[in-house]
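Now for the letters of each chain:
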Amino acid sequence: MRTVFGYVLIILLIPASVMTFYYADAEAGKVQIFDDYVEEKIIIKEVDLPQASKIKDTNGNTYVELHQPNRIVVDGEKVPSFLKELFLQSEDKHFYEHSGIDAAAVMRAFLVNSQSDEIEQGASTITQQVARNIYLTQDRTLARKISEVLYSYQIEKKLKKDDILNLYLNVIYFNHNVYGVEAAAQYYFQKPVDKLSKAQMAFIAAIPNNPSLYDPLERFDNTKTRQERLIDIMAREEFITADEAEQIKNEKITLNVRNRLDKYPDYSTYVRDEFSDLISETEGFDQQLINADGDARKAIQEKLNARVAEVLASGVIIHTALDPSMQEKTVSAVNNVLAGSSVQGSAAVVGNQSRDIVALSGGRDFDVTQFNRAHQGYRQPGSTIKPLLDYAPYMETFGAGVNDLISADKYCVGDWCPNNYSGREYGMVTIKEALTKSHNTSAVRAYMRTGIERSFSYLDKFDFNRVDEDDHVRAASLGGIDPGVTSLEMAGAYTSFIDGTFTKPHAIKRVTDFEGNTLYAWKVEPVRVWSSATAYKMRDMLTNVVKNGTGKKANFATTYIGGKTGTTNNYHDLWFVGLTEGYTAGVWVGKDKYDNQYDNIHYMESYGPQQLIWKRIMR
């Protein structure tokens with residue numbers, strides 16, 4: 001009889017639904033039988049429910065949850081039968097008997113609710129709620145209600161009852177951006193749904209009927225009252241005994257709210273940017289962007305952003321190279337060394353063996369609202385460029401040794417006459433001495449003898465994002481590159497002195513679905529930049545810088561240590577980039593903006609904050 005009532009209601013709604021489709025589609029006037037018409041207009045697609053994605057560290061531990069929304073899809077077989085029955089008895093008692101519409105339930109709900117101060121029973125079936133939550137909107141309009149009826153009709157034709165119930169258990173809303181029973185169990189009690197007690201199950205089952213009225217965080221007593229009402233229903237329907245019902249109601253409910261994980265923002269904000277780049281490269285958006293400008297470029301970028309959001313909403317795991325202990329050391333070093341000052345800083349650490357990014361500091365007291373200086377802060381590199389642009393290319397080109405001589409006297413090209421930092425001339429010195437003391441005129445000589453274009457042919461292999469042909473000038477040999485480089489780019493470039501090869505560092509190792517299938521991964525191959533001999537010589541010279549030269553403040557006892565200091569004109573930037581046996585790191589210290597040409601951080605040079613930060617990270 002109940003099925004007959006359902007179909008009578010559907011038949012009564014046919015004229016209104018046909019008129020709705022007529023105005024939406026001129027083809028609606030074609031004569032078709034009802035089933036064929038609905039089959040054409042109402043398409044029930046396979047459902048991929050949006051759920052939370054995760055970012056994991058190198059140890060496999062989650063440190064960021066990306067809730068879009070907060071849903072954890074659970075197989076229906078893992079949901080306890082008691083919880084299923086709670087929803088069936090309270091929301092749709094005759095779910096397994098009707099065909100999507102329960103006309104008798106509409107009348108029953110009207111009668112029950114008219115005698116109560118609140119909504120005791122809803123008129124929508126579970127199938128209708130699935131239709132509304134997956135395929136439709138929450139609008140309270142006649143057109144939407146008609147569509148809901150038609151979708152429910154189709155859902156019942158296409159899916160088994162158990163599958164419809166499973167969908168329902170994964171789509172219902174539990175407030176606070178929480179969807180589905182598994183996410184609700186973990187959010188409110190920090191337990192999987194199959195580990196909840198019956199009292200806890202009844203408590204979360206009380207929420208979806210009216211998520212605002214039964215909000216456990218704001219209206220706990222309301223939720224508890226409804227929980228007890230649901231338990232009484234279960235006793236009345238003989239799913240539990242009266243004594244068991246009392247025991248369940250008397251169990252104390254203690255919420256254990258699980259806030260969204262969002263640790264290590266310096267690193268995770270970079271991961272999100274890199275994730276977009278990974279999708280762009282994998283799916284060809286990067287090439288489209290290269291060949292587009294204006295509105296066309298904007299449209300492609302919007303498509304990329306939509307695709308990134310779509311992938312994240314599908315529920316993926318982003319596996320990264322983050323080393324939590326190194327991350328904490330890096331952030332702490334920047335914060336502590338620069339504490340109380342008006343300057344900022346950034347740091348990037350790359351693992352020598354993996355060439356992955358293991359730690360990042362986006363700035364002193366960084367949070368997610370700031371721009372990340374480690375990869376977004378482009379600054380002139382000062383003398384840290386000399387190993388990459390001057391001396392290594394010179395040695396690679398001419399086979400020079402560390403003890404070969406080069407002049408540190410005055411040097412002019414036209415009217416351009418750079419001076420050594422001290423303003424003095426030093427005569428003939430070894431190349432090692434020239435780098436150790438950071439003599440400018442020696443560096444320029446090496447650069448000019450190699451040739452500007454040849455020198456840049458080596459630097460171009462490092463994929464510096466903002467270095468272009470406009471930088472192919474004489475001043476580049478001393479760091480005159482505008483707008484400059486980032487601490488992450490410099491750390492990556494210095495890894496070439498490990499073995500002569502460069503592999504662009506990444507934070508993301510791979511992206512998988514929840515079953516472990518790889519969806520995205522960087523396709524990178526090492527590029528040969530220097531010969532092994534040149535790399536060995538450079539390591540030797542960089543060691544001397546730290547032990548006997550401008551980088552002494554960074555020195556500490558370890559198997560290997562080497563690096564280079566850098567200071568830009570007007571003391572706007574202080575740099576240190578170097579490597580140990582295990583890691584390579586780049587550190588920048590300076591202000592984001594300077595008030596005038598006289599504003600600088602000269603007063604900090606003797607303190608050497610960039611070296612102290614590097615030392616704290618690497619020691």
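Note that the structure is a prediction, hence the values are computed from the model and not measured.

**So, the overall build of the protein chain**
When helices and strands are counted, the protein chain shows 24 helices and 16 strands. Looking at the protein chain residue by residue over its 619 residues, the buried ones come to 53%. Contacts in the protein chain between residues at least 24 apart in sequence constitute 70% of all its contacts with a sequence separation of at least 6. In the structure as shown, the protein chain presents an accessible area of about 28400 Å², 48% of it carried by carbon and sulfur atoms.

**Observations regarding the pattern of salt bridges**
Applying the stated rule across the entire model yields 19 salt bridges. A salt bridge links Asp 499 to Arg 355, with the nearest nitrogen and oxygen atoms 3.1 Å apart. Here Arg 355 lies in the loop between β6 (344-351) and β7 (357-361) and Asp 499 lies in helix α22 (residues 496-499), a separation of 144 residues in the sequence. The class of Arg 355 is buried, set by a relative accessible area of 8%. Among the charged side chains, a salt-bridge network with shared partners connects Lys 93, Arg 236 and Glu 237.

**Examining the pairing of strand β1 (residues 53-56)**
As paired elements, β1 and strand β2 (residues 62-66) share 4 bridges and run antiparallel to each other. Across the sheet, the residue bridging to Lys 56 is Thr 62, located in β2. Linking β1 to β2, which pair antiparallel, is a turn of 5 residues; within it Gly 60 sits at a positive phi near 85 degrees. By the bridge criterion, 3 bridges tie β1 to strand β5 (residues 316-320) in an arrangement that is parallel.

**Quick notes on the sheet that holds β2**
Strand order in this open sheet of 5 strands is β2-β1-β5-β11-β12, and the pairing throughout is mixed. For this open sheet the edge positions go to β2 and β12 (518-520), each flanked by a neighbour on one side alone. Strand after strand, the sheet turns through a mean of 30 degrees between neighbouring axes, direction not considered. Strands in contact with helix α14 (residues 294-313) are β1, β2, β5 and β12; relative to β5, the strand with the most contacts, it is inclined by about 100 degrees.

**Focus: the state of the cysteines**
Throughout the structure, instances matching the rule amount to 1 disulfide. Sulfur-sulfur distance for the disulfide between Cys 412 and Cys 417 comes to 1.9 Å. Given an S-S torsion of about 120 degrees, the disulfide between Cys 412 and Cys 417 has right-handed geometry.

**What to know about helix α12 (residues 265-282)**
Taking 1.5 Å of rise per residue, 18 residues should cover 26 Å, and α12 covers 25 Å from first to last C-alpha, within 8% of that figure. Among the residues of α12, those classed as buried are Asp 266, Tyr 267, Ser 268, Thr 269, Tyr 270, Val 271, Glu 274, Phe 275, Ser 276, Leu 278, Ile 279 and Ser 280.

**Some words on the layout of surface pockets**
Estimated volume of the largest pocket: approximately 1200 Å³. Contributing to the lining of the largest pocket are 36 residues, with Asp 277, Asp 463, Asn 465, Lys 504 and Trp 522 lying nearest its centre. Looking at the lining of the largest pocket, the elements that each hand over two or more residues are α12, α13 (285-290), α14 and α21 (487-494). With 7 residues, the top contributor of residues to the lining of the largest pocket is α12. In terms of residue class, the lining of the largest pocket is made up of 14 nonpolar, 10 polar and 12 charged.

**Quick word on the nonpolar core**
Leu 83, Leu 86, Phe 87, Phe 174 and Val 181 are the most contacted members of the largest nonpolar core, which has 49 residues in total. Of all elements in the fold, only α3 (81-91), α5 (126-134), α6 (142-158), α7 (161-171), α8 (181-189), α9 (198-205), α10 (220-236) and α11 (242-250) reach the threshold of two or more residues within this core. Sequence-distant contacts of Phe 174, defined by excluding residues within four places in its chain, comprise Phe 87, Tyr 179, Gly 180, Val 181, Ala 184, Tyr 188, Ile 204, Ile 207 and Pro 208. With 44 residues, the next largest nonpolar core counts Val 402, Tyr 447, Phe 456 and Val 577 among its residues.

**Observations concerning the sheet that holds strand β16 (residues 583-590)**
Taken in spatial order, the 5 strands make up an open sheet running β7-β6-β16-β15-β14, and their pairing is antiparallel. Two strands close off the open sheet at either side, each with one partner strand: β7 and β14 (561-567). Between one strand axis and the next, the sheet turns through 10 degrees on average, direction left out of account. In this structure, β14 lies alongside strand β15 (residues 573-580), joined through 7 bridges in antiparallel fashion. Bridged to Gly 566 within β15 is Trp 575. This element, helix α23 (residues 532-548), spans β14 and β15 of the sheet and lies at about 70 degrees to β14. Contacts between helix α24 (residues 609-618) and the sheet are confined to β6, β14, β15 and β16, with β15 contributing the most and set at about 30 degrees to the helix.

**A word on the packing of α3 against α9**
Packed helices, taken two at a time, are described by the angle their axes make and the gap between the axes. Two numbers describe how α3 lies on α9: the axes approach to 10 Å, and their chain directions differ by 35 degrees. Our pair here, α3 against α9, has a crossing hand that is right-handed. Of α9, the residues touching α3 (which contributes Phe 82, Leu 83, Leu 86 and Phe 87) are Lys 198, Met 201, Ala 202, Ile 204 and Ala 205. Of the residues that constitute the contact of α3 with α9, the class distribution is 8 nonpolar, no polar and 1 charged.

**Some details on the pairing of β16**
For β16, the buried fraction is high: 7 of the 8 residues fall into the buried class. Sheet topology places β6 next to β16; 8 bridges connect them, and they run antiparallel. The partner of Val 350 across the bridge, within β16, is Thr 584. As paired strands, β15 and β16 are joined by 7 bridges and run antiparallel to one another. Bridging across to β16, Trp 575 finds its partner in Trp 588. Hairpin geometry of β15 and β16 is characterised by an intervening segment of 2 residues between the two adjacent antiparallel strands.

**Remarks on the packing of aromatic side chains**
Counted under the stated rule, the structure contains 17 aromatic pairs. Measuring from ring centre to ring centre gives 6.2 Å for Phe 189 and Phe 203, while their planes differ by 75 degrees; the resulting arrangement is edge-to-face. Note that Phe 189 is positioned in helix α8 and Phe 203 in helix α9, a separation of 14 residues in sequence. Assigned by exposure class, Phe 189 and Phe 203 land together as buried. Here the aromatic rings of Phe 576 and Trp 614 are separated by 5.0 Å at their centres, their planes lie at 70 degrees, and the arrangement is edge-to-face. Separated by 38 residues along the polypeptide, Phe 576 in strand β15 and Trp 614 in helix α24 bring together distant segments of the chain. Take Phe 576 and Trp 614: they sit in the same class, and that class is buried.

**Remarks on the confidence of the model for the protein chain**
Per-residue confidence for the protein chain gives a mean pLDDT of 90, with 87% of residues at or over 70. With pLDDT under 50 throughout, residues 20-31 is counted as low confidence; its partners more than four residues away or in other chains account for 10 contacts. Residue range residues 117-121 is modelled with pLDDT below 50. Its contacts to residues more than four positions away, or to other chains, number 13 contacts.

Cut-offs applied
Residues numbered from 1 in each chain as written. Predicted model: local features only at pLDDT ≥ 70, side-chain atom pairs only at ≥ 80, totals over all residues. Heavy atoms only, no water. Helix = DSSP H or I, 4+ residues; strand = E, 2+ residues; numbered from the N terminus. Buried < 20%, exposed > 50% of the residue type's maximum accessible area, 1.4 Å probe, protein only. Contact = heavy atoms within 4.5 Å. Areas by Shrake-Rupley, 256 points an atom, 1.4 Å probe, with all protein chains shown as cover. Salt bridge = Lys/Arg side-chain N within 4 Å of Asp/Glu carboxyl O. Pairing = 2+ DSSP bridges. Axes fitted to C-alpha atoms, helices over the stretch in contact; angles between N-to-C directions. Disulfide = S-S within 2.5 Å. Expected span 1.5 Å × (residues − 1). 1 Å grid on protein atoms, 1.4 Å probe; cavity = no way out; pocket = protein on both sides within 12 Å on 5 of 7 lines; lining within 4 Å. Points joined across faces, edges and corners; volume = space filled by probe spheres on them. Nonpolar A, V, L, I, M, F, W, Y, C, P; charged D, E, K, R; others polar. Core = buried A, V, L, I, M, F, W, Y, C linked by side-chain atoms within 4.5 Å. Left-handed = near helix turned anticlockwise from the far one by under 90°. Phe/Tyr/Trp six-rings, centres within 6.5 Å; stacked < 30°, edge-to-face > 60°. pLDDT = per-residue confidence, 0-100.

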